[in-house]
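Observations on the three-dimensional arrangement
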Amino acid sequence: MTRNGPFALLFSTLFVIFMVAPLVVVVGVSLTPEGFLEFPPSGLSLRWFQAILDNPDFIDAAWISLYLGFASATLATVLAVPAALAIGRRRFGGRDFLLALFMSPLTVPTIVLGIAFLRFLTAVGLSGTFLGLTLCHAVIITPFILRLVLASVTGLDRTIERAAESLGASSLTVFRRVTLPMIMPGVVGGWVLAFITSFDELTVTVFIVNPSTTTLPVRLFAHITQTTDPLVASISTVVILFTVALMFLIERLYGLDRLLVGESGR
């Protein structure tokens, strides 16, 4: 086994510091007792975390973002998995066009997407509705799931599926008992990435929400346009802690190695 040299260790250390430092600043600002942004804080206080509980609009927006992320990520997964299986395992006319169509939301500017979604939802009577938000977010995040599932499908061993078919298993049983477990790292990884993307989406969402469906990023954006206080930092700290807890839960239940690099379970 080769060991990292001094330069590699120095580079890794600087990279970790570069990634973690902004989070440390946000957490530090959230603990200030003052009414303005201050780092390092002059003292330690939970004043701005209490302020979150005193602002039910932010709590309601957070629940909407959670529901929206779960619904849109699940819907996108239902669409992306069969599409990835068809594109990754079949050769048919229009295959490249279908792949380009699914990946097109990554190439279109988000402002253009927001205006287009606004016009479309208004035309079909879904403007400002939770269903409309879910459909639009599903379109945006489907490419992330499709890419990860495609990577899993590409390395799929078809002989195992053929063996199951030769033993009399139906197509549905082969998919449920053989194919799906083998591509599960890509499916789970894509769902998590899609959920995070949907939860954090602002540019498109700001065009298609109304006061009753305002998500947390939109609520925070509206707040910082009116005032600058550590409340935004305290909410961001809660989101950071939630993300860390989610990663820890996935590690305990599934394993980040399997999720991110496809390694088999220990």
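Placed above this text is the structure.
First, a word on scope: everything that follows refers to the structure included in this document. (Residues numbered from 1 in each chain as written. Predicted model: local features only at pLDDT ≥ 70, side-chain atom pairs only at ≥ 80, totals over all residues. Heavy atoms only, no water.)

Comments concerning the packing of aromatic side chains
- What the rule picks out here adds up to 4 aromatic pairs.
- Look at Trp191 and Phe195: their rings are 5.5 Å apart centre to centre, the planes differ by 10°, and that puts the pair in the stacked class. Of this pair, Trp191 and Phe195 both sit in helix α8 (residues 171-200), separated by 4 residues, roughly a single helical turn.
- Owing to a relative accessible area of 8%, Phe195 belongs among the buried residues under this scheme.
- Taken together, Phe70, Trp191, Phe195 and Phe199 form an aromatic cluster joined through their ring pairs. (Phe/Tyr/Trp six-rings, centres within 6.5 Å; stacked < 30°, edge-to-face > 60°. Helix = DSSP H or I, 4+ residues; strand = E, 2+ residues; numbered from the N terminus. Buried < 20%, exposed > 50% of the residue type's maximum accessible area, 1.4 Å probe, protein only.)

Some thoughts on the nonpolar core
- Formed by 21 residues in total, the largest nonpolar core has its most connected members in Val81, Ile145, Leu146, Val149 and Ile183.
- For this core, the secondary structure elements donating two or more residues are α3 (56-89), α6 (130-154) and α8.
- At 8 residues, the largest contribution of residues to this core is made by α3.
- Once residues within four sequence positions are removed from consideration, Val149 is found in contact with Val81, Ala84, Ile183, Gly186 and Val187.
- Judged by nonpolar contacts, the second largest core, of 11 residues, contains Leu113, Leu121, Val204 and Val209. (Core = buried A, V, L, I, M, F, W, Y, C linked by side-chain atoms within 4.5 Å. Contact = heavy atoms within 4.5 Å.)

Quick word on the side chain of Glu201
- Position of Glu201 among the secondary structure elements: in the loop between α8 and α9 (205-208).
- Although Glu201 lies buried, it forms no salt bridge, and the closest oppositely charged side chain, Arg219, sits 16 Å away as judged by the N-O distance.
- Polar contacts involving the side chain of Glu201 include one to the main-chain amide nitrogen of Thr203, which spans 3.0 Å.
- Excluding its chain neighbours within four sequence positions, the residues that come into contact with Glu201 are His137 and Pro217. (Lys, Arg positive; Asp, Glu negative; His and termini not counted. Salt bridge = Lys/Arg side-chain N within 4 Å of Asp/Glu carboxyl O. Polar contact = N/O pair within 3.5 Å; in protein donor to acceptor, adjacent residues only side chain to side chain.)

Some details on the environment of Ile145
- Summarising the element assignment, Ile145 is placed in helix α6.
- Assessed through its relative accessible area of 0%, Ile145 is described here as buried.
- Residues Ile145 and Leu68, spaced 77 residues apart in sequence, show a C-alpha to C-alpha distance of 16 Å.
- Dropping the residues within four chain positions of it, Ile145 is found in contact with Ala73, Ala76, Thr77, Ala80, Gly190, Trp191 and Ala194.

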